[in-house]
Each structure stands twice: as structure tokens, then as C-alpha cells.
Amino acid sequence: PSPLQYKNNTLYFAGIRLDTIARNKRTPFYLYSKKTLRHYYEYFSKSAAKNGIVSPLVCYALKANSNKDVLSTLKTMGSGADVVSVGELKKALKAGIDPQKIVFSGVAKTEDEIRFALKCGKKGIYSFNVESIEELDMINSIAKKLKTRARVAFRLNPRVNAKTHKHISTGNKTHKFGLLKEDILEAMDVAALWTNTNLVGLSIHIGSQLTELNATIKAIEELSKLALKLETPLEFLDVGGGLGIDYTAEERSKLASIDTYMKAVSDAFEKYYYSKTDHCPRIVFEPGRIIVGKMGVLVSRVVRTKISDSNHFTIIDAGMNDLIRPALYEAYHEVLPAQTSKQMIKTDIVGPICETSDCFGTGRKLPKLNAGDLVVIDNVGAYGQTMASTYNERQIATEYFI
Ligand code: LLP
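Keep in mind that what you see is a predicted model, and the values were worked out from it rather than measured. (Residues numbered from 1 in each chain as written. Predicted model: local features only at pLDDT ≥ 70, side-chain atom pairs only at ≥ 80, totals over all residues.)

Peer 1: Residue-level account of the overall build of the protein, with values.
Peer 2: Counting its secondary structure elements, the protein contains 12 helices and 19 strands. Computed over C-alpha atoms, the radius of gyration of the protein comes to 23 Å, within 12% of the 21 Å expected from 2.2 N^0.38 for 402 residues, which places it in the range of a compact globule. Expressed as lengths along the three principal axes of its C-alpha atoms, the size of the protein is roughly 70 × 40 × 40 Å. Across the 402 residues that make up the protein, the buried fraction comes to 45%. Across the protein, contacts joining residues at least 24 apart in sequence account for 75% of those joining residues at least 6 apart. (Helix = DSSP H or I, 4+ residues; strand = E, 2+ residues; numbered from the N terminus. Rg over C-alpha atoms; globule rule 2.2 N^0.38 Å. Buried ≥ 20, exposed ≤ 12 C-beta atoms within 10 Å, placed from the backbone. Contact = placed C-beta atoms within 7 Å.)

The structure is reproduced here in C-alpha cells:
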């Protein structure tokens, strides 16, 4: 459910008039609904339990939104964290998330980051999801110096083609992510070399904004086959994140729901893993977008309108520095006016940045807006604020929670 609603042609967010919320606030700003956030986390975790997932651990992917109130809300609801930098790790810890519920992904973990992750809490983090043998060597030697053992999982590159935008597909053999099966098996032959690591799991993450499940099921098959081949009993299998949200009406009709996703994951593990062994590793999830995507909007004001040749432009005060998804992935986000009217026009909604890609939509049907009118860009709770920059010396938009 969206926090947005029209009543008598006026836009409300979480039951409050948008113009009331925006009064005395500098635009653009991000606006989040705690109720929607809680809804999605609860739906996700309950669905895992309902569909028979073995001791699910939800490690929310901070890169989607690392706002401190988001994190403390999720922590209170029992969430763990998937982090990709020491910055994210520190934020997760600050929110009170138990290090034993934190997995560390990413191809470029540095010495300092590994040391910090090994030393945090009483026992360090739950798992380093290792993406190369070179990284494993580094983790091992740091753990040795610290006289400790690191918990590690190999991230398998399952060689699947996830159907999503090419910039956010990550499970193909040409991608920089993970290790190929044969390289993991080769490493296992000489596993004794890594004296200060314990192999506790295997992980995958094949891409983001996935709307269908075939590639996910195929990847779970690959993960399971590899897990069965390894002689080490594993504590967990991590399926990564990736489940998409509906940005358009078309996506709404074909998108896999959380329940469908959980059932597919559960069935795939049953078929390819649990039915073939007595071991019962738990399942880890790293969802980002599905948890936070729908809770947020970017609120912006019209600066002016302009007509050039046959083009009508609505120029707003939010730019690609605030929300880069349309420019970077040609992503579609609905733009909605605070006040509707019957007189609609076709307009391009553009921002203040000096690039043609600073455009939130072309030929959109909107009421004729005037300077000072409010609009919202919808579904920006994930990968909105976290990807913001100060390009053109602009300020980072403030985030508000309702
Ligand atoms: N785990 C790993 C290892 C990841 O790399 C990612 C996302 C996730 C989990 C969470 O995936 P999610 O559930 O959010 O799909 N900036 C792009 C998305 C990049 C995703 C990167 N990795 C966008 O705005 O669409």
C-alpha cells in the first residue's frame, strides 16, 4: 500500500495533507512513512515463516536507504543488515543491530574494513561474503594477526541472466561479482591453507528490481548443487536481495508478490537441497528495495514552466543529484501533483541540473502547474537519498519521517 492518497483532488501522505507537511520546509525533501516501512518488513519476515523457510534471517541491505530512523525501526523489528562498506557497518551498529546478524558483501573490502568488522561486537560479524580468493587470503591473514577466526561465506556467481536493467544485473559470468563454482571447488581442495577462517555459508545475489523468478530459482539450484558438493556442513545459505517493486501499472500486473517469491524460494530449496541431505542450514535474505521502496516520496516545488517550440517543460527544484535513478537507469517514477484539476497538459518534468538527463519524465500528463506548486516523485524510498550527490553545489535533501 502506498502512503499517498487523493481526497477531494488534494494529495495526502500518511493521512496528512501534503501542503501542510511541506509548509515551512525547504524543498526538495524526502518524506517517508514509518507505517509503510513497518508493513513491508513485517510482510517479508512473516511470509518467510509462513512459507516454511528454515530459521530465516533478514539482513536488510543498507545501500537502499541508510537513514537512522529507518535502521532503528528495522532493528526493533528484528532485522539484521547487509553492508558493503565500513560506513554502512558503523551505521548498522549505531542503530543497535547485532553484529551476529550482519553480513558484509562487496568486491573491494579493504584491510581497514576487514579489521573493523572482525573486531566489532564480541565475536565480529556473522559473515564476510567473500568475492575472490585474494579477499579470502586478506581476511585470513588479518584474522591471524588478531588471533581470531573469521566467519566467511563464498559468494557464488551462478552464471544466470537476471532479467532487469543491465546496470543492476549481477549474476552473469562476465560480471565482477562472486566466484565461479570451479574456483570455489578448487579453493576447497586447499582449504587447510586458510587457518583462520571458518566456511559457514554460501551466498548469491543475482541482481536488483527482479520482477520474475526464473533466474532466482535457477540460481538457488546452482547454490544448492554447490552446497551439496562441499563436504563442510554449512550454517546458512544466503539468497541475496533483488525482489522488485511496481513503479508502473504494467509492472503491478506482472510483479511477483512477496508471498509468491517466498514460496518459490522455499520450494526451490526443498527440491534442490533439503530433500537431498540431512543438513538444515538456515536461509538468509538481503532485501533492500522491497522493504523501503514504497515508503518514500521526493517532495518538490515547481520553479517555473517554459514552452520551447512545441515542448512544454515543468521545471522543478529537485534534480538528478537528489534522485539519479531516471538519469542512470532510465527508471520510471510517477510524478503526482499536490492538487489535481481537470485541465491536463502534456509536459516534460525537468530539474535544475545542467544536463539533458536531468529529467523525471517526458510527455507526462499533469495539470497545468504554476511556480510554487508542489509535486511528489513516487516510490523513491530505495536508492533515492543514498545515491544523492552535491553535483552543481546543491544541498543534500533533508529526510523527514511520518
Ligand atoms: N545484496 C547485495 C549483495 C546487493 O548488491 C544488493 C543490491 C542487495 C543485496 C539489495 O538488493 P535489492 O533487494 O535492493 O534489489 N541503485 C540501483 C540498485 C542497485 C542494487 C545494488 N545491489 C537502483 O536504483 O535500482
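Once you've had a look at it, read on.
Peer 1: Can you tell me about the site of the ligand, naming the residues and giving the values?
Peer 2: Looking at the ligand, there are 22 residues lining it, with Ala61, Ser208, Gly241, Gly288 and Tyr383 nearest. Of all the elements in the fold, those that place two or more residues in the shell around the ligand are α11 (289-292) and α12 (325-329). Split into classes, the residues belonging to the shell around the ligand amount to nine nonpolar, eight polar and five charged. Each of domain 1 (4-32 + 294-401) and domain 2 (66-287) accounts for three or more of the residues forming the shell around the ligand. (Near = placed C-beta within 6 Å. Nonpolar A, V, L, I, M, F, W, Y, C, P; charged D, E, K, R; others polar. Domains from an automatic or database assignment.)

Peer 1: Explain the environment of Tyr41 to me, and be specific about the residues and the numbers.
Peer 2: On the secondary structure map, Tyr41 appears in helix α2 (residues 34-50). The buried category is assigned to Tyr41, around which 24 C-beta atoms lie within 10 Å. Sequence spacing of Tyr41 and Val292 is 251 residues, and the spatial spacing of their C-alpha atoms is 8.4 Å. Contact partners of Tyr41, with chain neighbours within four places excluded, come to Leu74, Met77, Ser79 and Ile291.

Peer 1: I'd love a proper account of the pairing of strand β12 (residues 282-285), names of residues and values included.
Peer 2: In this sheet, β12 lies alongside strand β5 (residues 57-61) in parallel orientation, the contact comprising two bridges. Across the sheet, residue Leu57 finds its bridge partner in β12, namely Val284. Sheet topology note: the strand β11 (residues 236-238)/β12 ladder contains three bridges and is parallel. Bridge pairing in β12 places Asp238 opposite Val284. (Pairing = 2+ DSSP bridges.)

Peer 1: Mind laying out α2, listing which residues take part and the relevant values?
Peer 2: In an α-helix, one full turn covers 3.6 residues, which means residues spaced three or four apart are oriented alike. For α2, which comprises 17 residues, the first-to-last C-alpha distance of 24 Å matches the rise-based estimate of 24 Å (1.5 Å per residue) to within 8%. Buried-residue contacts for α2 involve β4 (29-32), β5, α3 (68-76), α10 (258-272), β12 and α11. One or two residues past the end of α2 sits Gly52, with phi positive at roughly 75°. (Expected span 1.5 Å × (residues − 1).)

Peer 1: With reference to specific residues and values, describe the sheet that holds β5.
Peer 2: Spatial strand order, β5-β6-β7-β8-β9-β10-β11-β12: eight strands in a closed barrel with parallel pairing. Going from strand to strand, the sheet's axes swing by 30° on average, the running direction of each strand aside. Looking at chain direction, strand β10 (residues 197-203) and β11 are connected through three bridges and run parallel. Paired with Ser203 across the bridge in β11 is Asp238. (Axes fitted to C-alpha atoms, helices over the stretch in contact; angles between N-to-C directions.)

Peer 1: Talk me through the sheet that holds strand β1 (residues 4-7); I want residue IDs and the actual numbers.
Peer 2: Within a sheet, neighbouring strands are paired by backbone hydrogen bonds and run either parallel or antiparallel to one another. One open sheet accounts for three strands, arranged β1-β2-β3; its pairing is antiparallel. Looking along the sheet, the strands with just one partner apiece sit at the ends: β1 and β3 (16-17). Bridge count between strand β2 (residues 10-13) and β3: two bridges; the pairing is antiparallel. Residue pairing in the sheet places Phe13 in a bridge with Ile16 of β3.

Peer 1: Account for the domain arrangement of the protein, with residues named and values stated.
Peer 2: By a widespread convention, an interface's size corresponds to the accessible area lost as its parts come together. Per the domain assignment, the segments making up the protein are domain 1 (4-32 + 294-401) and domain 2 (66-287). On a C-alpha basis, the centres of domain 1 and domain 2 stand 35 Å from each other. If you look at the interface, domain 1 gives 11 residues, while domain 2 gives nine residues. For the side of domain 1 that touches domain 2, the secondary structure elements donating two or more residues are α12 and β19 (398-401). Grouping the constituent residues of the side of domain 1 that touches domain 2 by class yields five nonpolar, four polar and two charged.

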